[in-house]
Amino acid sequence: MSAYTLHCVLCGEEVAEHYTTACPQGHPSLLRADYAERQLNLKNAPGIFRFSSWLPIHGTLPIDAGPVCYKSEALARVLNLPNLFIGFNGYWPERGGTISTCSFKELEALPTMVRAQENTTKTLVIASAGNTARAFLQVSALTGVPVVVVVPDKAIPRLWTTVPVDKACVIAVQGDYTDAIRFSREVCSLPGFIEEGGARNVARRDGMGTVMLDAAVTIGRMPDYYFQAIGSGTGGIAAWEAAVRLRADGRFGTALPSLHLSQNLPFVPMVSAWNERRRNLIAETDMPDAPAAISRVFSDVLTNREPPYAIPGGVFDAMSATDGRMYAVTNEEARAAGTLYTELEGIDLDPAAAVCTASLIRACENGSIDKNRTVLLNITGGGYERVREDHALIPLHPAFSVPAGSTAVQVAKELLEMVKTHV
Ligand SMILES: *Cc1c(COP(=O)(O)O)cnc(C)c1O
Ligand SMILES: [Zn+2]
């Protein structure tokens, strides 16, 4: 149960909640949620819903997926970090990790689906290249709430759930992620559909922010450093916003954790801009030969070409407010770090989490951090091998496959039919 209002970060005006993702005045800015409860009041609810007083939702779901935080022993010893805490967001029941689709995107999907149910009769449309699609399909399967998921056709093999999906519609676009985003906008032009919103959706950010909340509760205070691999940087913004709320709470310390964010070479646009303390991304300087660079990274979830970096309340502001650092990690460093993590901590990692682990190793080597202070390493995904031991993974098949650049006309009739029968 939470009471909250929304305001625009740029003009400060309160904005009415109708699953709103932009300031009605047209400001190029994020909206932010303000919660009536100034102190974090943990609820007796499963998983992420323990933190629902700081989520933009009123009800909860009987689903136990949520963030997990534990103190590292083996990796901490090897890196000589006595206060290393790990936020594990994936499948690892031995540690309490119950995210079946194996990434922290499920922490975004859960409150987003509740927020949509509570504020709009429209059906959510999500464009994704993989992890986000799986998370929303899983939550749709668990709740019976319909969603439309638009993916590039190459992502189809990555779509699976652990429970059968019957109210979701998957559309494959014969093209790349950008083509999928364009087609999802086409679908949203049909009556009855609404864009999920990505970084602009407060439920997504505050859902990811629970990793910071969970860590503060586990540690007893905010960490000094927050490590995460970023593609859009939404998780970094979310960690900052959660820390600002924890500071106002008064019980978790007064210093904001410094954001230590990483990208995967050769595609590192935000590292390139931040290292010059530049607010605006310049495509030629920060992402030269983007398609070629994107095709060469180990972790392709970290390759967003239009991240919310310059926008008021976005990544640049989060980095500035927390005196952050950024790291450009090579594929070799990431692979080695992933192997080391699995050997020491005992679970397989998403490639993005391996990039993040590599950035922590680099920080230890080059003196970017004081090793006696408290570190939160956000393992944003893992347990893909572990989940197969407990579950048969159910593959998803697209209902439609459309060429890049199509209009929604050819799928309109079927989609409108779906909305009529399901809502
Ligand atoms: C999406 C994703 C990221 C990047 O998250 P952002 O904060 O949105 O940039 C990192 N790791 C994994 C496993 C992801 O799925
Ligand atoms: Zn505004």
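Computed from a predicted structure; not experimentally measured.

Trainee: So what's going on with the overall build of the chain? Which residues, and what values?
Mentor: A count of helices and strands for the chain gives 15 helices and 18 strands. Taking 423 residues into account, the globule formula puts the C-alpha radius of gyration at 22 Å, and the chain, at 20 Å, falls close to it. Within the span of the chain, comprising 423 residues, buried residues form 59% of the whole. Considering only residue pairs separated by 6 or more positions, the chain has 72% of its internal contacts joining residues 24 or more positions apart. With an accessible surface of roughly 16,200 Å², the chain has 50% of that area assigned to carbon and sulfur atoms. Placing the 37 positive and 44 negative side-chain charges of the chain at their respective mean positions leaves the two points 3 Å apart.

Trainee: Could you give an account of the sheet that holds strand β1 (residues 4-8), with specific residues and numbers?
Mentor: The three strands are arranged β2-β1-β3 in an open sheet whose pairing can be described as antiparallel. Every other strand in the sheet has two partners, leaving β2 (14-15) and β3 (31-35) as the edge strands with one partner each. When β1 meets β3, the two strands line up antiparallel, connected through five bridges. When the bridges of β3 are listed, L6 appears paired with A33.

Trainee: An account of empty space enclosed by the protein is needed here, citing residue identities and associated values.
Mentor: Where empty space is left becomes clear once a probe the size of a water molecule has been rolled over the atoms. A complete count under the given rule lists one cavity of 30 Å³ or more for this structure. Of the voids in this model, the largest cavity is the one considered here, and its volume is about 30 Å³. Lining the largest cavity, in full, are W54, D206, G209, L213, A238, A242 and R245. Top contributing element to the lining of the largest cavity by residue count: helix α7 (residues 234-249), with three residues. Looking at side-chain class alone, the lining of the largest cavity contains four nonpolar, one polar and two charged residues.

Trainee: Explain the sheet that holds strand β5 (residues 84-88) to me, using residue names and the numbers behind them.
Mentor: Working definition: the strands of a sheet are paired by backbone hydrogen bonds and lie parallel or antiparallel to each other. Strands sit in the order β4-β5-β16-β13-β14-β15 across an open sheet of six strands; the sheet is mixed. Edge positions in the open sheet fall to β4 (68-71) and β15 (325-329), since each of these has one partner strand only. Geometrically, the sheet is characterised by an average inter-axis angle of 20° between neighbouring strands, direction not taken into account. In terms of strand pairing, strand β13 (residues 225-229) meets strand β14 (residues 258-264) through five bridges, oriented parallel.

Trainee: Residues and numbers for the packing of helix α12 (residues 331-345) against helix α13 (residues 351-366), please.
Mentor: Between α12 and α13, the least distance of the axes is 7 Å, while the angle of their chain directions is 95°. It follows from the interaxial angle that α12 and α13 lie roughly perpendicular. Contact residues: E333, A334, A337, G338, L340 and Y341 in α12; A354, V355, T357, A358, I361 and R362 in α13. The residue inventory of the contact of α12 with α13, partitioned by class, reads eight nonpolar, two polar and two charged.

About the cut-offs
Residues numbered from 1 in each chain as written. Chains lettered and ligands numbered in written order. Predicted model: local features only at pLDDT ≥ 70, side-chain atom pairs only at ≥ 80, totals over all residues. Heavy atoms only, no water. Helix = DSSP H or I, 4+ residues; strand = E, 2+ residues; numbered from the N terminus. Rg over C-alpha atoms; globule rule 2.2 N^0.38 Å. Buried < 20%, exposed > 50% of the residue type's maximum accessible area, 1.4 Å probe, protein only. Contact = heavy atoms within 4.5 Å. Areas by Shrake-Rupley, 256 points an atom, 1.4 Å probe, with all protein chains shown as cover. Lys, Arg positive; Asp, Glu negative; His and termini not counted. Charge placed at Lys NZ, Arg CZ, Asp CG, Glu CD. Pairing = 2+ DSSP bridges. 1 Å grid on protein atoms, 1.4 Å probe; cavity = no way out; pocket = protein on both sides within 12 Å on 5 of 7 lines; lining within 4 Å. Points joined across faces, edges and corners; volume = space filled by probe spheres on them. Nonpolar A, V, L, I, M, F, W, Y, C, P; charged D, E, K, R; others polar. Axes fitted to C-alpha atoms, helices over the stretch in contact; angles between N-to-C directions. Parallel < 35°, antiparallel > 145°, perpendicular 65-115°, else oblique.

Everything listed here is a matter of coordinates, which is why it stays silent on function.
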